[in-house]
Amino acid sequence: MSEIPANPGRGRPIWHNIIFMSVTPVLAAILVPLHIYYYGNSWGLWAMFAVFFAVNNMTITSGYHRYFSHLSYEAHPLVQFFYIFIGAGAFQGTVLQWCTDHRRHHRKVDGVEDPYSINKGFWYAHMTWMFHVDPHAGPYPKDLTSNRLIMFQHNYYVWIAAFMGFIMPGLIAWALGLSFWGGVLIPGLLRIVLTQHSTFLINSAAHCFGKQTYTDKHSARDSLIMAFLTFGEGYHNFHHSFQLDYRNGTRWFHWDPTKWWIKGLSLVGLATKLKEAPREEILKARLAMEERQMISTGACATRTAQLKQQIVEAQNKLKALRISYLNAKRDLSLKSDEVKRKMRLDMRLAKLEFKTAYGQWRAFRRQWKRSTAAAS
Ligand SMILES: [Zn+2]
Ligand SMILES: [Zn+2]
């Protein structure tokens, strides 16, 4: 991390943030055990906690973040309504403020104007950046201020957040025959504290721990542990490199419940135009990063470039064949199955070529890892 002055030109304190974020964890740590001691444990309240925690986190990751901040897909107005009103109960500020800060975080990442720059310290990036007015804050983006629901949430935020965050879980608990105050405390207060820190980890830990898979030009990291703790947002190096992609974990096995939620919405027609970065670009970025790492520790630059080139060529060939095959399938005048069979065979061969080239790269990389481990 490069050193930049902590809190340059720090603005006046924001007391309601300081008090809320300092007092709520203490209150949760005292009142939840006291409630269980006096009224007994209720699995119903814990089930409510699990549902509220998952749903509320999802409104932040898929709503505040991937939809309103990055516009990585188009959401049905009902989904937007859900994100705006349920999301308010997470007590992470309004959509307008959250997204304005987040877009600046991407534009100015790690710099003085990054609202939660990791270079100002772990705790600053985690939460204390919210304790003072930011002197670098700019105007709100027009696409957000022109959304009437966003402005309604912004103007009546405290009332909406208090109702959604505390009173609604209390009322639902009461309606289910559980304790109203148990609802306010467990799926309410405790869930708010944990949801806040799950999100805060993305700005702090996801800029410190993990791998720089695609680039080392910014501090964001990829980490499976962070992905588990943040509903899939832990593949943060990928996200900062390809911020318009609706996914953070691109492979099917990457833990990214937010991506699955958005995909699920698209299957029932509530989300459309899901944006994905081209897979060639993703691979290109990863190979370039791996090449840089290997060459900087003594790997043969010519051999590395040669192996990389083989992969890129094989991938380009496969892509061109895929496009021709899709065009041939659409071309109704092309009746000959023989031509299409031949094209499928060419594609299989090109895929094999790509896999072989990629396998050679991985073998070269394994050898490099062994030799650097032996040298250290
Ligand atoms: Zn982002
Ligand atoms: Zn970030």
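Here the structure is a predicted model, which is why all the values come from computation and not from measurement.

Here the focus is helix α3 (residues 77-88). Compared with an ideal rise of 1.5 Å per residue, which puts 12 residues at 16 Å, α3 spans 16 Å between its outermost C-alpha atoms and is within 8% of the ideal. Elements that come into contact with the buried residues of α3 comprise α2 (43-69), α4 (95-107), α7 (148-155) and α8 (157-175).

On to the domain arrangement of the chain. When the domains of the chain are assigned, the result is domain 1 (15-272) and domain 2 (279-375). Here domain 1 and domain 2 have C-alpha centroids that lie 37 Å from each other. Taken together, the 8 residues of domain 1 in the interface contact 4 residues of domain 2. Broken down by class, the residue content of the side of domain 1 that touches domain 2 amounts to 2 nonpolar, 5 polar and 1 charged.

Counting 39 residues, the largest nonpolar core has Tyr-64, Val-95 and Cys-99 as the members making the most contacts within it. Contributing elements (two or more residues each) for this core: α2, α3, α4, α8, α9 (180-203) and α12 (257-267). Per-element accounting of this core gives the leading share, 9 residues, to α2. Among all residues touching Cys-99, those that are not within four sequence positions of it are Tyr-64, Phe-68, Ser-69 and Leu-144. Membership of the second largest hydrophobic core comes to 18 residues, among which are Ala-205, Ala-206, Tyr-235 and Phe-242.

In the contact formed by α2 and α3, the axes pass within 9 Å of each other and the chain directions differ by 125°. Of the possible angle classes, the one that applies to α2 and α3 is oblique. When you trace α2 past α3, the crossing you get is left-handed. Residue-level contacts link Val-55, Asn-56, Thr-59, Ile-60, Gly-63, Tyr-64 and Tyr-67 of α2 to Phe-82, Tyr-83, Ile-86 and Gly-87 of α3. Residues that form the contact of α2 with α3 fall into these classes: 7 nonpolar, 4 polar and no charged.

Rules behind the numbers
- Residues numbered from 1 in each chain as written.
- Chains lettered and ligands numbered in written order.
- Predicted model: local features only at pLDDT ≥ 70, side-chain atom pairs only at ≥ 80, totals over all residues.
- Helix = DSSP H or I, 4+ residues; strand = E, 2+ residues; numbered from the N terminus.
- Expected span 1.5 Å × (residues − 1).
- Contact = placed C-beta atoms within 7 Å.
- Domains from an automatic or database assignment.
- Nonpolar A, V, L, I, M, F, W, Y, C, P; charged D, E, K, R; others polar.
- Core = buried A, V, L, I, M, F, W, Y, C linked by C-beta atoms within 7 Å.
- Buried ≥ 20, exposed ≤ 12 C-beta atoms within 10 Å, placed from the backbone.
- Axes fitted to C-alpha atoms, helices over the stretch in contact; angles between N-to-C directions.
- Parallel < 35°, antiparallel > 145°, perpendicular 65-115°, else oblique.
- Left-handed = near helix turned anticlockwise from the far one by under 90°.

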